[in-house]
Amino acid sequence: FFFFGSTQAIKTILLSLQRVPYLRYYYIHQQLLQFKMKLAIASLVLGSAAAFSPSAFSGSALKAASNGSSMDMRYKVAVIGGGPSGACAAEIFAQEKGIDTVLIERKMDNAKPCGGAIPLCMIGEFDIPESTVDRKVRKMKLISPTNVEVDIGDTLQPNEYIGMCRREILDKYLRDRAISYGAEAIQGLVTKIDVPADHKESESKYTLHYQEFTEGSAAGTPKTMDVDVVIGADGANSRVAKAMDAGEYNFAIAFQERIKITEEQMTFYEEMAEMYVGDDVSPDFYGWVFPKYDHVGVGTGTVVNRPAIKQYQKAIRDRAGDKIAGGKIIKVEAHPIPEHYRPRRVQGRMALVGDAAGYVTKCSGEGIYFAAKSGRMAAEAIVKLMEGGKRLPTQTEIERTYIADYDKLYGPTYTVLDILQKVFYSNNGAREAFVELCNSKYVQQVTFDSYLYKKVQGNNPLDDLKLLGETIGCLIKGYAIAEPDAEFSNPVESLKRL
C-alpha cells in the first residue's frame, strides 16, 4: 500500500515540476528517489518482522489473509451434473473471483431423453441464441381419446412461440458458457461422496470420489476431490441426493423415439406439435409428437404403470398414423422424471437443483426451464451468502434464501398443475372434457401465457366463473361419451409408490 502510494505521489510531483529550472528539478528528483527507497526498505523490514511474529503461526493470520490478500485460500464449489441446472449454477459460481468452481458431468455429449420444449421467457432470461432452437412451434393440436382434434395457437402474437430444441445442443451451449466464465469442467462419474458427521456445524470438507474419463479405458481413472459446497444437479437418480439423505420420491418413466420422416411429412410439423391423450397412450399422462431439426420426437410417459411403457409407445405411434408412417427410428431414449419435490433439498452445504430436487411440473411434465432457474437461483443465493468467498453458508441460510424464494415464486404453478393433472388425466371422460375445454380462446390465452412466461395467469373473475361452468358441462359430456379406461393390475409397481 505505501509503496504504491509513494509511486503515485512521485508521479504527481514530477509532473508539477515540468517548468522548474533543471538544477532544482534534479535536486528534488534525487530527494524523492531517496524517500522512495527508504519506504521500500521499511516495508521489507516490517514484512519480515510480521512473518516471524507469533500471529503468523495462528488462526488469526489465516483469517486476515482470507479477508483480502491476493494469495487467499479460496473455497471450492463442486457442481455435479452438466445439464441446464448444473450449467446455470456453475456459470454463476464461476463469475465469483473468490470461489473455485468445478463442473463434473459424466458424459459431455449426453442427449437426455426429453421432449425438448422451452418457454419463450427462457430464451431472453438466459440469453439463449435462437440457433439452439430447432423449431418455433406456434400451433398445437390436441387429440382426445375418441380422436377429436382441437387446434390451439390463435391467441399467440407473431413474436411468440414455444422453442423446440435438442438437449445435446442446448446443454452443450450452457456448459460451454459456464466454462468460458472460468468453471473447470471434468468428464467423470461421481461414485461416492464422503459427508463429514459435523458438516452442518463446521467447515469440514466433502470428499468426492469419481471416475474421470480416460481415453481407451472403460472404467476411467479413480480420483478424489475435497470441496466446500456441493450442488446436486445430477438428475432423478442423483447420487448427491442419496449421499445427503434427501429422501425418495415417485417418478415417471418417459420414453421417446426420434423418428426421421420425409421432408413432405416434416412440412406438417414445421410449426406444429401434437399432444395425444387417452388410456391407450398413457393412463396418467399424454403422448406427444414434437418437431426437431430434421426429425420428430415421439414419446409418452407414465407413473402408475411403468412396465407397460413400450405398449404405450406403440400406441402413440399408431395414433400418429400416416403423419409418421415409414419413418426410421434413429434413437431410442428413456429416463425417469420426478413427480414432486424431494423431502429434503438442502443438507448442510449440499443443495439439490433441477430434477434432483424434483422440479418437474405435473400435467405438462416440463422441467428444462425450472432446472435452469433453480440452478441459477441456488447459485446466486449461495454466492451472496459467501460474501465473495469470505465465508461458508449454513443450511438454515440456504433454506431461508434459495428454497424459500424458489417455493414462493413457483409453488403456485406446481400446485395448479398438480390439480389439473388429477382432474383431467385420471380417466377418458376427463380427457375428453380437457380437449373440449381447449376450444375456449380464454383457456388458450391463459394456458399459453402461463407456459410462455411462467406465471399463473387468469385474473378475470367473470371469465373464470364462466370457465368453471364450462368445465362442469364438459366433464358431464365427456363422461357420457368416453369409453371406460382399460383395467390393469400392477401390484409390484404399486408397492413402490410413496
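Residues numbered from 1 in each chain as written. Predicted model: local features only at pLDDT ≥ 70, side-chain atom pairs only at ≥ 80, totals over all residues. Heavy atoms only, no water.

Caption draft 1: Region of the structure containing the sheet that holds strand β11 (residues 229-232). The sheet built from eight strands is open, its strands ordered β10-β9-β8-β2-β1-β11-β18-β17 with mixed pairing. Lying at the two open borders of the sheet, with one neighbouring strand each, are β10 (221-227) and β17 (346-347). Relative to β10, strand β9 (residues 206-212) runs antiparallel, the two being bridged by seven bridges. Each residue of the ladder has a partner; that of Leu 208, found in β10, is Met 225. In this fold helix α4 (residues 84-94) packs onto β1 (75-80), β2 (99-105) and β11, with an angle of close to 160 degrees to the strand it touches most, β2. (Pairing = 2+ DSSP bridges. Helix = DSSP H or I, 4+ residues; strand = E, 2+ residues; numbered from the N terminus. Contact = heavy atoms within 4.5 Å. Axes fitted to C-alpha atoms, helices over the stretch in contact; angles between N-to-C directions.)

Caption draft 2: Here's a closer look at the pairing of strand β14 (residues 287-291). With five of five residues buried, β14 is to be regarded as a mostly interior element. Two strands pair when backbone bridges link them, and strand β13 (residues 272-276) and β14 are joined in this way by three bridges, in the antiparallel orientation. By the bridge assignment, Met 275 is partnered in β14 with Trp 288. The sheet contact formed by β14 and strand β15 (residues 296-302) spans four bridges and is antiparallel. Within β15, the residue paired with Trp 288 across the bridge is Gly 299. The antiparallel hairpin formed by β14 and β15 contains four residues in its connecting segment. (Buried < 20%, exposed > 50% of the residue type's maximum accessible area, 1.4 Å probe, protein only.)

Caption draft 3: Just the packing of α4 against helix α10 (residues 368-386), in detail. Their axes nearest at 7 Å, the elements α4 and α10 cross at an angle of 25 degrees. Considering their axes alone, α4 and α10 lie roughly parallel with respect to each other. Every pair of crossing elements has a handedness; the one defined by α4 and α10 is right-handed. From α4, Pro 84, Ser 85, Cys 88, Ala 89, Glu 91, Ile 92 and Phe 93 reach across to α10, where they touch Ile 368, Ala 371, Ala 372, Ser 374, Gly 375, Arg 376, Ala 379, Glu 380, Ile 382 and Val 383. A breakdown of the residues in the contact of α4 with α10 according to their chemical character gives eleven nonpolar, three polar and three charged. (Parallel < 35°, antiparallel > 145°, perpendicular 65-115°, else oblique. Left-handed = near helix turned anticlockwise from the far one by under 90°. Nonpolar A, V, L, I, M, F, W, Y, C, P; charged D, E, K, R; others polar.)

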